[in-house]
Structure formats: structure tokens, C-alpha cells
Amino acid sequence: MQLSLLENSDPRMDAEKRVSELHTVLEYHNRRYYQLDAPEISDAEYDELFRELAALEEKYPELVTATSPTQRVGGAPVGRFRTVIHRMPMLSLENATNGEEIRTKLDARIKKELGLEDVAAVAYMCEPKMDGLAVELIYEQGELLVASTRGDGITGEDVTQNIRTIRGLPLRLTGEGVPSLLEVRGEVYLSLESFQKTNREREENGEAPFANPRNAAAGSLRQLDPRITASRPLSMFCYAPGLVEGATFSSQHEFLTAAAGWGLPVNPLARRVEDVNGAVAYYHEMQEARESLPYEIDGTVVKVDSFLLQRELGEKSRSPLWAIAGKFPPRQAETQLEDILLSVGRTGVITPVAQLRPVEISGVTVSRATLHNWDELAAKDIRIGDTVVVERAGDVIPAVVRVVTTRRTGAERTIPPPQFCPDCGSAVVRIADEVALRCMGISCPPQIRESLKHFASRGAMDIEGLGDKVVEQLLSLGLVRTVADLYRLTKDDFMRFERMGDKLASNLLNALEASKTRDLARFVFALGIRHVGQRTAKTLAQAFGSLDNIGNATVDELTSVRDIGATVAQSIFTFFATPDNRTVIEQLNELGVCPAAVAKTVGGPLSGRNFVFTGTLTRFSRDYARKLVEDQGGNVIGSVSKKTDYVVAGDEAGSKLIKAREFGIAVIGEQEFLDLLEVH
Ligand code: IVH
């Protein structure tokens, strides 16, 4: 493409025009290459155009825009992802595990609900269920503005920079009728080829390979350094609208067609079928096609095609009533069980693990599988030397399903449950009401190792760089025994490691320092109290406000907190009543690890404000609204009184609205509510 330059024209203006042209041309070729698999120019020609753009941008930095193709290579690393609140919650799907369940759990139920039992057929849109992770893209005036992960469905993480690296995704929508606002959801995935390449590279660098393409995609998307994301060619298919302004669609089919028309990648295997028979046939067809697809799918998704019917059917809190995921059965393979190993976990539980003759299941080599516990081992009569069926489903750890008894030779051996810990030799006990065997040694090395890893992990103290390898070396050099010891480490200690440079050691020390001020919820989770996951830790932090308060609470006080039952309360109480645990916490405090206390009522901007919802909400569900209010410290109450601060009125609001007017309480609509909460 040449530009006819006018003589004596302004070079700055020419540059601006050329930059804009190059955007269009490069994006056009990106689409030909990545989406349509039909490039029109050679890689060298593409690179030349790209370099031309980069040179112009270097000369005129003010011409660099967020949607420039040069921005796809990944900018500077970010410290942490910003949180994004989804304006409409991102739901998940109910599962069907075979074709028949698509009939019973979707079609029959829908027809009953709609009173269509023996009348008409319901038409469906069928799509492959991509095994990746869901993201939401926001295009405003056709420009990609924000991209976020699904997260918990209500809030996700801002991964815009990383999403921009996906070449098959337009940074700018093209074509007819581009809406002023388009929120679109889809699945980010890694092709099998990229997955294998990523794992080869990881192994060459001495890193642990990803267990499956989904984990690899998630790991790449959640990279704080977009340049790493750019080096792992992610892809995406769009499959659902979020909030849209400036365009309407009457069906899923129409939506997908429009989306593809605007340049968005849509799976070409998506197909509209006339009735449930078509949906079941599609499910079986895809199950066969699965083996030859260049990416991983774990089922099909069947959606009522008509948006009118979708609206009529509505949704439950977590999943819509108008769609279902038809999951494929897990893939299995036969191999030989070579040995049964004992693995000691963070809480001392001793799990039998199968060591297998390596076998490939859907592109991943499996050489270990869980045997769950000793009861299961006995029930399935699994013996060393057996030929076994191994199964890999999604991201769960591979499991031994059964023994192929016809292959027994008589040379197989059973092994009894251990009486002593294989690592520290302490006594093993079986706690009443539990199937697990547990090592009771307090200085059992694998327990310490797992506790340290947990403490440093991303959801806990998030100590960057303190992964498996570093923990192993710390333990083998005898540098740490408890989590408190981590904060006593010096640069010299780290310098004793193999392959440790000055920079890496400083980074680790900085990461440790930064972790000292993590919030209370993370700290509580990091302590590794049995039964206390991230969610319970958060509940505890909010209910008690400080570690002292949690540690001094009685079992009764603990159980009085919403969502905390007797077992969990007892476990928390026992943890803090254990002198060793108290000592470690005191040491942590002395070393400056002081989680910030939180105000009990979460002193958010809506602290003390009371909201009432009335009428039919169309933009978001009540659960979603409640979560938004509570996250900012406010309350949602059932009826209007003088204490009510806001009444949020949806369609056809009735008596509550009248009452609100009587009391002179502010009545706001859904948009005003979102504005008030600054949800964008
Ligand atoms: S539709 C309310 N379509 O499956 C509708 N989801 O189990 C929500 N997924 O979180 C999703 N391929 O990550 C839809 N063609 C597809 C999909 C798909 C994969 C994932 C998605 C979602 C999960 C639900």
C-alpha cells in the first residue's frame, strides 16, 4: 500500500494518516492469518509494515494509541491486576453427562416451564465447550477498552494488556452497525500445539510443565508481565453478549453472526439445530470430532436460540435455565501400576499415590495418579503390578478408576496401611469419622514443606518467587523450620543457593518485605488452619477485625458467625490453643508481619447505608446487587422503613415504591444505582 504524498505537505499530518492506514492494514492481515487461516501476504511483508508503524510511533510518540497493533507485543509488567466488577454477572452452566441428560435436564424441563410439553420443538444453538477460561471484553465505540477474567462471576481481574496480545482478536471492531457498547464474553484457550510448545520450553528451563492446556492458558493470561503472555500464542472464541447498547439481537444465532461480522472470532463449528434431537446428535458428533480438533474441548454447550425464550426462562443464582453443558466422559487409558508411594500433605494426611508406567492421555503424559485413601484402595482391591484404568478429567488429578482383573498374573502385591510416617517415622493415627490416616509429628519435613508453600502461595501471602524450588532449597540447607523463619532470611542465606544471582536474591527479599502488610484475610488463610479456606478466612477477618480477636474467640463465638459451623469453629479454636502455633504467630508479629486490622463493618463508602430493592431488575440479579452493596459496606434490607436510605426500583415496582415516597426516601433506578456504586 503506497501513499500519494502531496508535495510540501505537513510530515506530521502525513505520518498520522499513514499510522491510521497501517492500523487498518495490519489488523486486516492479523485477521486473515489468525482467524481465517488464509494469509494474503508473507510474514516478511507483514513484519515490514509492522516495523514501519513502530518507526513512525517512535518518531511521533503522541500517535501511539491503545488499539495500535504495536501494543499487542505486551507493555511493561504490572504489579497487580486491578479488579473489575462485571456489570452483568458471569454465570456458569449446569452439566449434563450424556446425550440423554440433554433431553431430560434441558429440553423436557424447558418445555414444562414454558407449558410447551407436547407442542412445538425448541430450537437450540449448539457450540463446542472450549476448555479454557472465560473472559469479558468491553468494546466502546468499537474500541477494545477493558478485558477481564471471570473471577468469581461478579468481580474479575483486569487483563486488558494480556488480552491485547491475542492476534486473532480485533482491537477495533469493523463492519456494519458496530454498537456503541458491546460487552462480549468468550473463552480464552491455548491450542494443543502452543500448549505442547509451552511445556517443552518450560521443561528446558527446568520449570514444571502445565498439567493441561486450560491451566497453561490461565497461567499465561494471569501473567503480570504481558511480554510473557505475548510469547504464548493464546486464542479466543466469543460466545455470549453481556450488556449491549446500540444493537439488538433476537437470537444467539443472530448474535454470533453479528459478532463474526464485526471481526470477532466465533467458533465455526457452532450450529443452530431445530430441536433437541439435533442437539443430541451434535453432542455425539463433537465427541468424535474432539480427537482431531487442534484445541481441547470438554463437551458441548446447548443454548435456547431465541433470546425471548431465554428471558422468559431466566436464571438461577449461578446458572441460566436456558442452557446446559453436555460434558464428555473423561478420557481413560490402561497402564501398569508400578508402585504405591506414600505422600504426606500439609496437614499430615498420608495419601497413597500410584506410580504408573507413563501413559499419554489427551496430550499429557500421566505417571502418577491419586488413590485417594486406604479405604478406597481396599475397596477397589488395587495391587502393585496390576493393570489399571486411569482417568483424567479436566484439571483434577488423574485417578485410578479400576483394576483390569483379567490381566492378573498372581504376582501382584497388596500393601498394608502404614503405621509410621514414611518421612519422619512418627506414629500414624486414624481420626474418628475420617477416612484419612494422619502423621502426628510436629516437625515432619513434608508437612513443613507444604505449609511453607501454602503460606507463600498466590492466594495467601503471595510471596513472588518463593515457589517449590526455593522452598526445597531452604529446607535442604536447614535455613527454615517455620514460616516465621522466612522473615529472618538474609541475602547471604539466599546466595548459598544453586543458581542464585544477586538480583534474584534481592527480589526475594523485597517480596518477603512486601508480604508483611498483606491483609488479615490472606494472613488467616496463609496460616493453613484446617477447614479454613480463602472464603472462611475472609469471613473471619470481617467478623472479628483482628487476629487477636479471632485467636481469643470461643467456639460459641466462632459458630455464631454466618457460614461457620461446629467443625470449622473447633478447628480454629484448636489451632490457636496450640502453643506452637501461638509462638509462631508471636514471632511473625515481632518480625513485622502485622496484617492490617480491618474495621468490622468494612468501612466501605456505603458503610451504614440501607438499601431496599423492589420490582423486576433487568440489568442484574438481586444476588449480584446484594454483593455489590455489601462489598462496599452497606446493607440490603427487606422492607422500607425510616431507616432505609435508598430504594432501588426495577420494572413494575409496587407498594414499596409508594411507601418510599411517603417517607421521602430516595428512589433510584438501576443505572443510578450502578453510578452510585461507581460500577463501570
Ligand atoms: S456460555 C450463561 N458457551 O463454560 C452462559 N460457555 O460451565 C455462560 N464455556 O464459564 C457461558 N465454551 O467458561 C458458554 N460456547 C460456550 C462455552 C462456554 C466454554 C465455558 C465458560 C463458562 C463455563 C460454564
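Here we summarise the structure given alongside this text.

## Section: the nonpolar core
Link 1 in the chain: Membership of the largest hydrophobic core comes to 53 residues, with the highest contact counts inside it found for Leu 474, Leu 486 and Phe 494.
Link 2 in the chain: Broken down by element, the residue count for this core peaks at 6 residues, all from helix H17 (residues 520-526).
Link 3 in the chain: Here Leu 486 is in contact with Leu 452, Phe 455, Leu 466, Leu 474, Val 480 and Leu 512, once residues within four sequence places are set aside.
Link 4 in the chain: Val 135, Leu 169, Ala 217 and Trp 262 belong to the second largest nonpolar core, which has 37 residues in total.

## Some remarks on the packing of helix H21 (residues 566-577) against helix H22 (residues 579-590)
Link 1 in the chain: At a closest axis distance of 5 Å, the pairing of H21 and H22 adopts a crossing angle of 70°. Relative to H22, H21 is oriented roughly perpendicular. Packed against H21, whose contacting residues are Phe 575, Phe 576 and Ala 577, the element H22 presents Pro 579, Asn 581, Arg 582 and Ile 585 at the interface.
Link 2 in the chain: Tallied by class, the residues present in the contact of H21 with H22 amount to 5 nonpolar, 1 polar and 1 charged.

## Some thoughts on the site of the ligand
Link 1 in the chain: As a matter of local geometry, the ligand sits amid 14 residues, with Glu 127, Met 130, Glu 187, Tyr 239 and Lys 303 nearest to it.
Link 2 in the chain: In the model, a nitrogen atom of the ligand is placed 3.4 Å from a nitrogen or oxygen of the Pro 128 main chain.
Link 3 in the chain: Lys 129 is positioned such that a nitrogen or oxygen atom in its side chain is 3.3 Å from an oxygen atom of the ligand.
Link 4 in the chain: Relative to its unbound accessible area of 520 Å², the ligand is 87% covered by the protein chains.
Link 5 in the chain: Where the shell around the ligand is concerned, the elements lending two or more residues are strand S3 (124-130) and strand S10 (297-304).
Link 6 in the chain: Among the elements that make up the shell around the ligand, the one with the highest residue count is S3 (4 residues).

## Side note on the environment of Val 302
Link 1 in the chain: Examined against the element boundaries, Val 302 turns out to sit in strand S10.
Link 2 in the chain: Spatially, the C-alpha atom of Val 302 lies 7.2 Å from that of Gly 326, the residues being 24 residues apart in sequence.
Link 3 in the chain: When near neighbours in sequence (up to four residues on either side) are disregarded, Val 302 contacts Ile 102, Leu 106, Tyr 124, Met 125, Cys 126, Ala 279, Trp 322, Ala 323 and Ile 324.

What counts as what
Residues numbered from 1 in each chain as written. Predicted model: local features only at pLDDT ≥ 70, side-chain atom pairs only at ≥ 80, totals over all residues. Heavy atoms only, no water. Core = buried A, V, L, I, M, F, W, Y, C linked by side-chain atoms within 4.5 Å. Buried < 20%, exposed > 50% of the residue type's maximum accessible area, 1.4 Å probe, protein only. Helix = DSSP H or I, 4+ residues; strand = E, 2+ residues; numbered from the N terminus. Contact = heavy atoms within 4.5 Å. Axes fitted to C-alpha atoms, helices over the stretch in contact; angles between N-to-C directions. Parallel < 35°, antiparallel > 145°, perpendicular 65-115°, else oblique. Nonpolar A, V, L, I, M, F, W, Y, C, P; charged D, E, K, R; others polar. Near = heavy atom within 4 Å. Polar contact = N/O pair within 3.5 Å; in protein donor to acceptor, adjacent residues only side chain to side chain. Areas by Shrake-Rupley, 256 points an atom, 1.4 Å probe, with all protein chains shown as cover.

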